[in-house]
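Per-entry structural report
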Amino acid sequence: MNEYLQVGTITSTHGLHGEVKVFPTTDDPRRYDDLTRVWIEGGGDKKPLDVEKVRYFKQFVIVKFRDHDSIESVGGLVKKNLYVTRDQAVKLEENEYFIADLIGLDVYEENGEKLGRLTDVISTGANDVYVVTGEDREILVPAIRQCILEVNLQAGRMTVHLLAGL
């Protein structure tokens, strides 16, 4: 399992005083209200950034980091992803999973036949759709209880029931 979970991507600077515009990649953008520290990729490692101020503008989160007071000091952060550690992550309900934990799972039909590997998750609004890539085809599996029979993160395995037409 990944130690860090992505919560957003910095899309641009915002103003002249060190703020950045973040596209949230989390189900609840208001979770930024509770964040005091995030991590950003830099030189192969993740580096901490302390959150000083947060506000919202349309679908974006405007974030000001401590000790970054000019547009020049945040210009190099553009197009980088923001992460939180697992202990900062939102608490999940039963049968909920972080996308980062699902990507890479081997996916099997209920009869034991391997369909492929889960390679992507598409958010559609109504429900997520899992992209399963096999040797010769790609299958889209709706993330609904009728289709997802079991998720075993420890075994790296998901068991699905394919509805007619899939």
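For the structure, see preceding data.
The following refers to the structure shown. What you are looking at is a predicted structure, and each value in this text was computed from that prediction instead of being measured.

**What to know about the pattern of salt bridges**
Close approach of charged atoms allows side chains with opposite charge to pair. Using the criterion set out here, one finds 8 salt bridges in the structure. One connected set of salt bridges, linked through shared partners, spans Glu19, Lys53 and Arg55.

**Some words on a negative patch on the surface**
Together, Asp27, Asp28, Asp33, Asp34, Glu93, Glu94 and Glu96 give the surface a local cluster of negative charge. As for its position among the elements, aspartate 28 is in the loop between β2 (19–24) and β3 (37–42). You can call aspartate 28 partly exposed: its relative accessible area is 40%.

**A look at the pairing of strand β7 (residues 106–109)**
Burial along β7 is two-sided: the residues Asp106 and Tyr108 and Val107 and Glu109 are all buried. Relative to strand β8 (residues 114–123), β7 runs antiparallel, the two sharing 3 bridges. When the sheet's bridge partners are listed, valine 107 is paired in β8 with glycine 116. The hairpin turn running from β7 into β8, its antiparallel successor, is 4 residues long, and glycine 112 in that turn takes a positive phi close to 95 degrees. The sheet contact formed by β7 and strand β12 (residues 157–160) spans 4 bridges and is parallel. For valine 107, the partnering residue across the bridge sits in β12 and is methionine 158.

Cut-offs applied
Residues numbered from 1 in each chain as written. Predicted model: local features only at pLDDT ≥ 70, side-chain atom pairs only at ≥ 80, totals over all residues. Heavy atoms only, no water. Salt bridge = Lys/Arg side-chain N within 4 Å of Asp/Glu carboxyl O. Patch = residues over 30% accessible without salt bridge, like charges linked within 9 Å, V, L, I, M, F, W, Y side chains within 5 Å. Areas by Shrake-Rupley, 256 points an atom, 1.4 Å probe, with all protein chains shown as cover. Lys, Arg positive; Asp, Glu negative; His and termini not counted. Charge placed at Lys NZ, Arg CZ, Asp CG, Glu CD. Helix = DSSP H or I, 4+ residues; strand = E, 2+ residues; numbered from the N terminus. Buried < 20%, exposed > 50% of the residue type's maximum accessible area, 1.4 Å probe, protein only. Pairing = 2+ DSSP bridges.

Structural measurements only, silent on function.
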